[in-house]
Amino acid sequence: MIKLTLQSILQTLMWTVIAGMLYPLVMTVCFQLVFPYQANGSLVMRDGKVVGSELLSQQFQTDRYFWSRPSACSYGTGPTGFGPSGASNLGPTSAQLQKNVDGNLATLRTAHKLAADAPVPADLVFASASGLDPDISPEAARFQIARVAAARSMSLDQVTALVEKFIKPPQWGVFGQARVNVLLLNLALDDADPKKG
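Read on for an overview of the structure. (Residues numbered from 1 in each chain as written. Predicted model: local features only at pLDDT ≥ 70, side-chain atom pairs only at ≥ 80, totals over all residues. Heavy atoms only, no water.)

Notes on helix H6 (residues 182-192)
Because an α-helix completes one turn every 3.6 residues, residues spaced three or four positions apart along the sequence face the same direction.
Move 1: Most of H6 is tucked away, with 9 of its 11 residues classed as buried.
Move 2: In this structure, the buried side of H6 is in contact with strand S1 (43-46), strand S2 (49-53), strand S3 (135-136), helix H4 (138-152), helix H5 (156-165) and strand S5 (179-181).
Move 3: Regarding H6, its N-cap is Asn181, as a side-chain oxygen of that residue lies 3.2 Å from the backbone nitrogen of Leu183 further along. (Buried < 20%, exposed > 50% of the residue type's maximum accessible area, 1.4 Å probe, protein only. Helix = DSSP H or I, 4+ residues; strand = E, 2+ residues; numbered from the N terminus. Contact = heavy atoms within 4.5 Å. Polar contact = N/O pair within 3.5 Å; in protein donor to acceptor, adjacent residues only side chain to side chain.)

Some thoughts on the sheet that holds strand S4 (residues 167-168)
Move 1: Taken in spatial order, the 3 strands of this open sheet run S3-S5-S4, and their pairing is antiparallel. One side of each edge strand has no neighbouring strand; the edge strands of this open sheet are S3 and S4.
Move 2: In the sheet, S4 pairs with S5 via 2 bridges, with the strands oriented antiparallel. Residue Lys168 lies in a different strand from S5, and its bridge partner there is Arg179. (Pairing = 2+ DSSP bridges.)

Quick notes on the nonpolar core
Move 1: In terms of nonpolar packing, the biggest core is built from 31 residues, with Phe66, Leu108, Val120, Leu124, Ile136, Val159 and Leu189 touching the most fellow members.
Move 2: Counting only elements with at least two residues in this core, the list comes to helix H3 (95-111), H4, H5 and H6. (Core = buried A, V, L, I, M, F, W, Y, C linked by side-chain atoms within 4.5 Å.)

Focus on the environment of Ala150
Move 1: With respect to the helices and strands, the residue Ala150 is situated in helix H4.
Move 2: Between the alpha carbons of Ala150 and Arg64 there is a distance of 8.2 Å; along the sequence they are 86 residues apart.

Some details on the pairing of S1
Move 1: Here S1 runs beside S2; their pairing, made up of 4 bridges, is antiparallel. Across the sheet, Arg46 pairs through a bridge with Lys49, a residue of S2.
Move 2: Counting the residues in the hairpin turn of S1 and S2 gives 2 residues, including Asp47, whose phi is positive at 50 degrees.

Focus on the side chain of Ser137
Move 1: Tracing the backbone through its elements, the reader meets Ser137 in the loop between S3 and H4.
Move 2: If near-sequence neighbours (up to four positions away) are discounted, Ser137 is found in contact with Asp123, Ala178 and Val180.

Some points on the packing of H4 against H5
Move 1: The geometry of H4 relative to H5 is characterised by a closest axis approach of 9 Å and an angle of 145 degrees between their N-to-C directions. H5 is crossed by H4, and the crossing has right-handed handedness. Of H5, the residues touching H4 (which contributes Ala141, Arg142, Ile145, Ala146, Val148 and Ala149) are Leu156, Val159, Thr160, Val163 and Glu164.
Move 2: Residues that form the contact of H4 with H5 fall into these classes: 8 nonpolar, 1 polar and 2 charged. (Axes fitted to C-alpha atoms, helices over the stretch in contact; angles between N-to-C directions. Left-handed = near helix turned anticlockwise from the far one by under 90°. Nonpolar A, V, L, I, M, F, W, Y, C, P; charged D, E, K, R; others polar.)

Here we look at the pattern of salt bridges
Move 1: Scanning all chains against the criterion turns up 7 salt bridges.
Move 2: As a salt-bridge pair, Arg142 and Glu164 come within 2.9 Å of each other at their nearest N and O atoms. A residue pair is termed long-range when its members are at least 10 positions apart, and Arg142 in helix H4 and Glu164 in helix H5 qualify at 22 residues.
Move 3: What makes Glu164 partly exposed here is its relative accessible area of 37%.
Move 4: Here Arg152 and Asp190 are joined by a salt bridge, their closest N and O atoms 2.7 Å apart. Of the two residues, Arg152 sits in helix H4 while Asp190 sits in helix H6, which places them 38 residues apart along the sequence. Like Asp190, Arg152 is buried. (Salt bridge = Lys/Arg side-chain N within 4 Å of Asp/Glu carboxyl O.)

Some thoughts on the packing of aromatic side chains
Move 1: Per the counting criterion, the structure on display carries 3 aromatic pairs.
Move 2: Between Phe60 and Tyr65 the ring centres are 5.5 Å apart and the planes differ by 40 degrees, which places this aromatic pair in the tilted class. Each of the two residues, Phe60 as well as Tyr65, counts as buried.
Move 3: One cation-aromatic arrangement involves Arg147 over Trp67; the distance from NZ or CZ to the ring centre is 3.9 Å.
Move 4: For the cation-ring pair, Arg152 lies above Tyr65, with the distance from its terminal atom to the ring centre recorded as 4.8 Å. (Phe/Tyr/Trp six-rings, centres within 6.5 Å; stacked < 30°, edge-to-face > 60°. Lys NZ or Arg CZ within 6 Å of the ring centre and 35° of its normal.)

Below you can see the structure in the form of C-alpha cells.
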C-alpha cells in the first residue's frame, strides 16, 4: 500500500513537471522563435503604439469605418479594458435575440439608407460565437462600401479596391470561408484617405 502511494505521488510530481512546466516552456520558446508575431497576440502597431490585434474584433461606430460583427460581450471590454468573451446563449425562440436582431437590422438599414425590408448580410446582424470575431464576410464588407466612401468623400472605386485587396481566401483553399479583417481594412482606409480619422 505504501509502495503504491509513493508511486502515485512520484508519478503525479513527474507529470506535473513534464506536462505542467517543461512542455509549456518548450512550446513557448519554440513558438517565440518560429512564430513570434502570432505568439505575442498578432498585435497591430501604428506609430509605436498597439492599436489592436488581428485576432480580436473592435467596435467601429462612425460612418467613416467599416463595422465589425455585433458582439454579445461588448467586444470583450470591461471596466479594466478587457473582459470575458462569449456568446449570448440566446436560443432561436428568444424574444431578446429577436429584439437584438431587429435593432441591428434597423441600425444597418438606416445607416445605409435602405428600405425597411432590404436584405442585410447575416454576419452584420448576428454576433459570432466568441463575440470577438475580427472578420466579416466579403459580402458584408461590400455592403458597407457606399456608406464609407460617402463619409470619407472617396470614390467607390478606391474603397472597393481596398476591400478586394483585404479579402483573405479560405485557409489553404479549403478551410473556412473568405473573410475580411475589419481592423486591418480600417487602418488601410485611414492610410489611403488624405483626411484621416
